[in-house]
Amino acid sequence: MAKRLIINCDDFGQSPAMNRAIMHLLEEGKVSSATIMAVAPGFEEAADWAARRQQPNVGLHLTLTSEFDALRWSSLTGHPSLHDAEGKQYRTVREFELGAETGAVVKEIDAQYERVKQAGIRISHVDNHMGSLYGMETGRSLLPQTFWKISRWGLPSRFFRYIHPDDPLLRSLSGIERPVAKAAALADTFGVPIPDYLLSHPFGLVEGETYDSFKRSIIAKLYALPEGVSETYIHPGAEDAWMLANIPQWEKRVWEFRLPFDDDFAYGLKDAGVELTHYGYVQEHLRRPRFRSAFRLIRELTRK
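Everything numeric in this text was worked out from a predicted model, so none of it was measured.

Draft legend 1. Spatial organisation of the pattern of salt bridges. With the rule as written, the count across this model stands at 19 salt bridges. Taking the shortest distance from any N to any O, the salt bridge between aspartate 110 and lysine 149 comes out at 2.7 Å. On the criterion of sequence distance, the pair formed by aspartate 110 in helix α4 (residues 102-118) and lysine 149 in helix α5 (residues 143-153) is long-range, its members being 39 residues apart. You can call aspartate 110 partly exposed: its relative accessible area is 24%.

Shown next, in the form of structure tokens:
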């Protein structure tokens, strides 16, 4: 099997700095795709650009949290269980998992999908801001409801079938193997194609980190990439005064904008034998037989 990598830009539509970076990366073909935030203040700018170009690789970034002090937003539906005391979406995933009513979440998911679709964007896939629907904080997963909606839309989704043993985030979560197996079997049963692996790297700055050390760490992952289709995500931002003043650890976003243009990164992709791919490939090649998947799901659910 070949080693294929999806590089997705999260948070399209968050702010002008994010929009400028992501538009540039998509225009130059340096990344696979981006996912857009229907609730964020930069949505209209990002959506107008994507619709005008009929950009084929813009997905939906389901957004149920609002983490930055200087950049808060509310849900589209306005349901009180989706908001904190300030009337904005919760700052943390834990607050969301504890406070949000399931029915309200489902309606908000629908509303965000409809807003992106009505903006004229050909949605390529679906993922989730901060993993708020995964149940990572309290165990309250909303993946069944989410996969059901995605199956109705006929789209692939960012989840993952296997856990890479060297992934810094996933390997730190105790007992994650069985929930992942259940969720992957559920996606297959609903007919939602997913990649094989999800690869993470620290969102913020690591102590002593520089651009060069960050670049080396990412290139090293290219050589250790497993066979199959992996996705990794970046949060690129173009350096501007507002971002520097308001977004914590903004340097990492500038680095993630710079990296795909770096000749060393391009050489690493080629030398490691990694093919940059996209969610169209996932849609076409990674769908599993639903009937067989249902039996596997039952086995996972009943296994002691």
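Draft legend 2. The arrangement of empty space enclosed by the protein in detail. For the coordinates displayed, the defined rule picks out three cavities of 30 Å³ or more. For the largest cavity, the calculated volume is near 190 Å³. Along the walls of the largest cavity sit 15 residues, with Leu5, His201, Ile218, Thr232 and Phe265 positioned nearest its centre. Breaking the lining of the largest cavity down by element, the ones donating at least two residues are β1 (3-12), α7 (211-223) and β6 (228-234).

Draft legend 3. Expanded view of the pairing of strand β3 (residues 58-62). Among the five residues in β3, five count as buried, and that is most of the element. Between the parallel pair strand β2 (residues 33-36) and β3, the chain is carried across by helix α2 (residues 43-53), and the sense of this crossover is right-handed. Two strands pair when backbone bridges link them, and β3 and strand β4 (residues 123-128) are joined in this way by four bridges, in the parallel orientation. Counterpart to leucine 62 in the pairing with β4 is asparagine 128.

Draft legend 4. Layout of the packing of α4 against α5. Contact geometry for α4 and α5: axes closest at 10 Å, N-to-C directions at 30°. What the angle tells us is that α4 and α5 run roughly parallel. Taken as a pair, α4 and α5 cross one another with a handedness that is right-handed. Here Thr102, Val106, Ile109, Asp110 and Tyr113 of α4 lie close against α5, whose contacting residues are Gln145, Thr146, Lys149 and Trp153. Residues belonging to the contact of α4 with α5 are distributed by class as follows: four nonpolar, three polar and two charged.

Definitions and limits used
Residues numbered from 1 in each chain as written. Predicted model: local features only at pLDDT ≥ 70, side-chain atom pairs only at ≥ 80, totals over all residues. Heavy atoms only, no water. Salt bridge = Lys/Arg side-chain N within 4 Å of Asp/Glu carboxyl O. Helix = DSSP H or I, 4+ residues; strand = E, 2+ residues; numbered from the N terminus. Buried < 20%, exposed > 50% of the residue type's maximum accessible area, 1.4 Å probe, protein only. 1 Å grid on protein atoms, 1.4 Å probe; cavity = no way out; pocket = protein on both sides within 12 Å on 5 of 7 lines; lining within 4 Å. Points joined across faces, edges and corners; volume = space filled by probe spheres on them. Right-handed = clockwise from strand over helix to strand, strands pointing away. Pairing = 2+ DSSP bridges. Axes fitted to C-alpha atoms, helices over the stretch in contact; angles between N-to-C directions. Parallel < 35°, antiparallel > 145°, perpendicular 65-115°, else oblique. Left-handed = near helix turned anticlockwise from the far one by under 90°. Contact = heavy atoms within 4.5 Å. Nonpolar A, V, L, I, M, F, W, Y, C, P; charged D, E, K, R; others polar.

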